[in-house]
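# Commentary on secondary and tertiary structure
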Amino acid sequence: MSLNHSNGHTQTSVLTAGLNRLARNLWWTWNQDAQAIYEELSPHAWRYFQHNPVEIMHEVSPTELRVRLQDSVFEAKVRSVLESFESYMSDERTWGAANAAALRDRPVAYFSAEYGFHESLPIAAGGLGILSADHAKSASDLGLGFVGIGLFYREGYFRQSINHENWQIEANALLDPRRLPLDPVLDESGNTIIASLSLALGSITFRAWRLNVGRVPLYLIDTDLPENDTPVRDLTRHVYGGDSSNRIMQELLLGIGGVRLLRTMGIDPSVFHMNEGHAAFLAWELLREKMAAGMTFEDALAATREECVFTTHTPLDAGHDRFGVDLLEYAASKYLKAFKQCRKQIIGLGRVNPSDDKETFCMTVLALKTARAANGVSELHGRVSRSMWRALWPDRAEDDIPIGHITNGVHLLSWMTPTTWRFWKRRGGDDWPGQADSPEFWAKAENSAFFSDEELWALRYVLRRKLIEFCRHRLYIQSRRFGPGEYLPSDMLLDPEALTIGFGRRAAAYKRMTLLFRDLDAIVELAKDAQRPIQFIFSGKAHPRDDEGKRLIQKIIHLSEHSPLSGSLVFLENFDVEVARAMISGCDVWLNNPRRPLEASGTSGMKGAAHGSLNLSVMDGWWREAYDGNNGFAIGDDSNPSDPEEQDRLDAENLLRVLAEEVIPTFYDRDSAGLPRHWIRMIRRAMAGLGPRFNTRRMVQEYVEKIYLPRSS
Ligand SMILES: *Cc1c(COP(=O)(O)O)cnc(C)c1O
């Protein structure tokens, strides 16, 4: 063997090892060059396995990989991606190192019941999970001391399909940890680390899987171990699965189990972040630890409060878990024994009035009483939350209720499509991912030397066409289940030139999925204008027990098949991260019409700015803070009638009026070159204004500065 050859051999094994390491780090979810490599290795497996690099590395044999790496063009791409990855991982000069060094020694422990990282790891139900994942990704980008805690749901969140009656059907598939970037958490001698907790189901033994999110670790708790009985193994089977007894035990496991897991691993956080009330039992465990070490209840509570912070995510009453105290005492009876005489006080932490035996136990109240800082997720939501929870601070004026706000964001790079990634990379240069959250970068979008109107309009065409082709393909698969001939041929669906409006999110009633169709004749008349047509792409899952949500979906599908809108209205099954990415990038307009003020923030509309999609939204949540009159469209104003029926009527009217008077005329106002100049100006303004503000880098920085760092330092 020649020296050269063996050298080449070592080189390829270094690259192969690099590709394996990268497949097991979610950094690839925010780097399109990395994804392109795995796709190139096996385009079919890439699509078939929901874009999962771990599957690709199983699919492609070491021999094939070695041969493929002999192609110098491919090899150079691999080398370049691995270099970017290594330099990201080893970068010491991060924002966190400079501004939050204290957290490097004792990290933030972030607890969330769901994480929506990617379509290949479907363990989130909706926006809360997307936000948690984006939070962790930006914590990595910033170089924070950060560790995430969650649950590993063996069957994930359900896959949605639609049956003959247009009714949602839920199906679950088993997730195989060996085919996901999940590493078993082991001790120094290589044994699985396990911890335990006694609940009504008996003694629960659990383990954890480590997920590498760039530089930060995330641990997912799993009870599916052979030593557990079947009900215990099933405890973490589904996202928010089962009845309230299962739910309360999942939450006990997340909060208490999460703290125990951290202790077992030797991690000593300085801050515990309860992301939504689901995680609030962690405060119980911190109290128990302190009291076991000899503190009184009062001292332990004061010390626990120093460590905990809390984010509330919804003004919706049903969004705040409340459990009967009987159920709680049953589920946690063994655990509660540790508190001996303080049991009443411990339960009282979940009640506004601790001495009211009839009051249910509320997770939000527990979180508010045990956290030193609490926040809502937009300015309006902060205000609504202060009013909602004022009974907890009877001596204070509403403005002095200690609940602030930090407006949500999105992890912009994670929402790129290959097309958009190339568009920005060509302009930002090779290091553009490092600038993707910066005001300086986005400010250039208002400068036609950065890209011309023609180039931007071409980007819009490509993204719209890709979405339409995605829809045609999905609709073909959806309709095939019912046999041929029942639906329009999918190549006749949708028009690549037409103004395309998207709506994709959970089918919760307050989000009013069908508001646009309240006056069907009026919207049909607008949509069917031969010169200025509009079309609609809808998607969303209803919670399995939410029949009202399922009826909304049913209505949309019915209209898409049996109304004049047929052919220009489609419903895509199984809204997930992949469908969301296709929709928010391809739609010209992203519609958001929740019943104000119930959308605490909303994040889906933030994902569109980098793609040149414009928001059309009621003045709720984030959009109230973002809308400036020229960067998108507003439905209604900064007020709402208290009668919901009146609000629906007004908002529906306003929506139609804005469409007819602003959106459609602006989109179709073309100059001699065929370009909608005013529309393009709005896109530039949206990019420059929204890009740098509504991202999770800005958001996590705010968490660090306002909340995570101890007040004294
Ligand atoms: C962004 C996103 C959401 C959140 O949408 P909202 O409009 O904020 O409710 C929900 N689900 C998925 C899959 C998303 O990507």
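Here goes a summary of the coordinates provided. Keep in mind that what you see is a predicted model, and the values were worked out from it rather than measured.

Quick notes on the rules
Residues numbered from 1 in each chain as written. Predicted model: local features only at pLDDT ≥ 70, side-chain atom pairs only at ≥ 80, totals over all residues. Heavy atoms only, no water. Helix = DSSP H or I, 4+ residues; strand = E, 2+ residues; numbered from the N terminus. Rg over C-alpha atoms; globule rule 2.2 N^0.38 Å. Buried < 20%, exposed > 50% of the residue type's maximum accessible area, 1.4 Å probe, protein only. Contact = heavy atoms within 4.5 Å. Areas by Shrake-Rupley, 256 points an atom, 1.4 Å probe, with all protein chains shown as cover. Lys, Arg positive; Asp, Glu negative; His and termini not counted. Charge placed at Lys NZ, Arg CZ, Asp CG, Glu CD. Near = heavy atom within 4 Å. Polar contact = N/O pair within 3.5 Å; in protein donor to acceptor, adjacent residues only side chain to side chain. Nonpolar A, V, L, I, M, F, W, Y, C, P; charged D, E, K, R; others polar. Domains from an automatic or database assignment. Salt bridge = Lys/Arg side-chain N within 4 Å of Asp/Glu carboxyl O. Patch = residues over 30% accessible without salt bridge, like charges linked within 9 Å, V, L, I, M, F, W, Y side chains within 5 Å. Pairing = 2+ DSSP bridges. Axes fitted to C-alpha atoms, helices over the stretch in contact; angles between N-to-C directions. Parallel < 35°, antiparallel > 145°, perpendicular 65-115°, else oblique. Left-handed = near helix turned anticlockwise from the far one by under 90°.

## Here we look at the overall build of the protein chain
Assigned secondary structure in the protein chain consists of 28 helices and 20 strands. Against the globule reference of 27 Å for 713 residues, the protein chain gives a C-alpha radius of gyration of 26 Å, in line with a compact fold. Taken along its principal axes, the extent of the C-alpha atoms in the protein chain is 85 × 80 × 55 Å. For the protein chain, the residues scored as buried account for 60% of the 713 residues in total. Sequence separation of at least 24 residues holds for 74% of the intrachain contacts in the protein chain that already meet a minimum separation of 6. Of the roughly 27,900 Å² of accessible surface on the protein chain, a fraction of 49% belongs to carbon and sulfur atoms. The averaged location of the 94 negative side-chain charges in the protein chain is 2 Å from the averaged location of its 82 positive side-chain charges.

## So, the side chain of Thr314
Examined against the element boundaries, Thr314 turns out to sit in the loop between β10 (308-311) and β11 (322-323). Contacts of Thr314, omitting those with residues within four sequence positions, involve Glu276, Gly319, His320, His381 and Ala600.

## As for the site of the ligand
Around the ligand lies a shell of 14 residues, among which Arg505, Lys511, Thr603, Ser604 and Lys607 are the nearest. Contact distances for the ligand include 2.9 Å between an oxygen atom and a side-chain N or O atom of Arg505. For the ligand, an oxygen atom lies 2.7 Å from a polar atom in the backbone of Thr603. Of all the secondary structure elements, the ones that give two or more residues to the shell around the ligand are α9 (127-142) and α24 (577-586). Looking at the shell around the ligand residue by residue, the class counts come to five nonpolar, five polar and four charged. Each of domain 2 (95-408 + 700-708) and domain 3 (463-694) accounts for three or more of the residues forming the shell around the ligand.

## Focus: the pattern of salt bridges
Enumeration over the complete set of coordinates arrives at 52 salt bridges. In this structure, Arg154 engages Asp224 in a salt bridge whose closest nitrogen and oxygen atoms are separated by 3.5 Å. Here Asp224 lies in the loop between β8 (216-222) and α10 (230-233) and Arg154 lies in the loop between β2 (146-151) and β3 (159-162), a separation of 70 residues in the sequence. Its relative accessible area of 16% is what places Arg154 among the buried residues. Judged by its relative accessible area of 17%, Asp224 falls in the buried class. Note that Arg474 and Glu578 form a salt bridge whose closest N and O atoms lie 3.2 Å from each other. With Arg474 in helix α21 (residues 453-480) and Glu578 in helix α24, this residue pair connects regions lying 104 residues apart in the sequence. A network of salt bridges, in which partner residues are shared, links Glu379, Arg383, Arg596, Arg624 and Asp638.

## Considerations on a negative patch on the surface
A surface patch of negative charge is lined by Asp519, Asp521, Glu525 and Asp529. Structurally, Glu525 is set in helix α22 (residues 520-527). Judged by relative accessible area, which is 66%, Glu525 ranks as exposed.

## Points about helix α17 (residues 363-370)
The buried count for α17 comes to eight of eight residues, which makes it a mostly enclosed element. When we look at burial in α17, the residues that qualify are Met363, Thr364, Val365, Leu366, Ala367, Leu368, Lys369 and Thr370.

## Some thoughts on the pairing of β10
Going residue by residue along β10, you find Cys308 and Phe310 tucked away on one face and Val309 and Thr311 tucked away on the opposite face as well. Where strand β9 (residues 271-275) meets β10, four bridges bridge the pair, whose relative direction is parallel. By the bridge assignment, Met274 is partnered in β10 with Phe310. Looking at chain direction, β10 and strand β13 (residues 373-376) are connected through three bridges and run parallel. By the bridge assignment, Val309 is partnered in β13 with Ala373.

## Let's talk about the sheet that holds strand β15 (residues 499-504)
Spatial ordering of the open sheet is given by β17-β16-β15-β18-β19-β20, a layout of six strands whose pairing is parallel. Two strands in the sheet have a free side with no partner beyond their single neighbour: β17 (569-572) and β20 (633-635). With direction set aside, neighbouring strand axes in the sheet form an average angle of 20°. Here strand β16 (residues 534-539) runs beside β17; their pairing, made up of four bridges, is parallel. Paired with Phe538 across the two strands is Phe571, which belongs to β17. In the packing of α24 onto the sheet, contacts are made with β15, β16, β17 and β18 (589-592), and the angle to β16 comes to roughly 160°. Most of the contacts of helix α26 (residues 644-668) go to β20, to which it runs at about 165°, and overall it touches β15, β16, β18, β19 (614-618) and β20.

## Some points on the packing of helix α12 (residues 281-292) against helix α13 (residues 297-307)
One can describe the packing of α12 onto α13 by two numbers: an axis separation of 9 Å at closest approach and a directional angle of 130°. Accordingly, the angle class assigned to the pair α12 and α13 is oblique. By crossing handedness, the relation of α12 to α13 is classed as right-handed. For the pair formed by α12 and α13, the contact residues are Ala283, Leu286, Leu287, Lys290 and Met291 on the first element and Phe297, Ala300, Leu301, Ala303, Thr304 and Glu307 on the second. Across the contact of α12 with α13, the residue classes tally to eight nonpolar, one polar and two charged.

## Regarding the environment of Glu454
Within the element layout of this structure, Glu454 appears in helix α21. Glu454 sits in the partly exposed class, given a relative accessible area of 43%. For the pair Glu454 and Val365, spaced 89 residues apart in the sequence, the C-alpha separation amounts to 54 Å. Ignoring any residue separated from it by four or fewer positions in sequence, one finds Glu454 in contact with Leu675 and Arg677.

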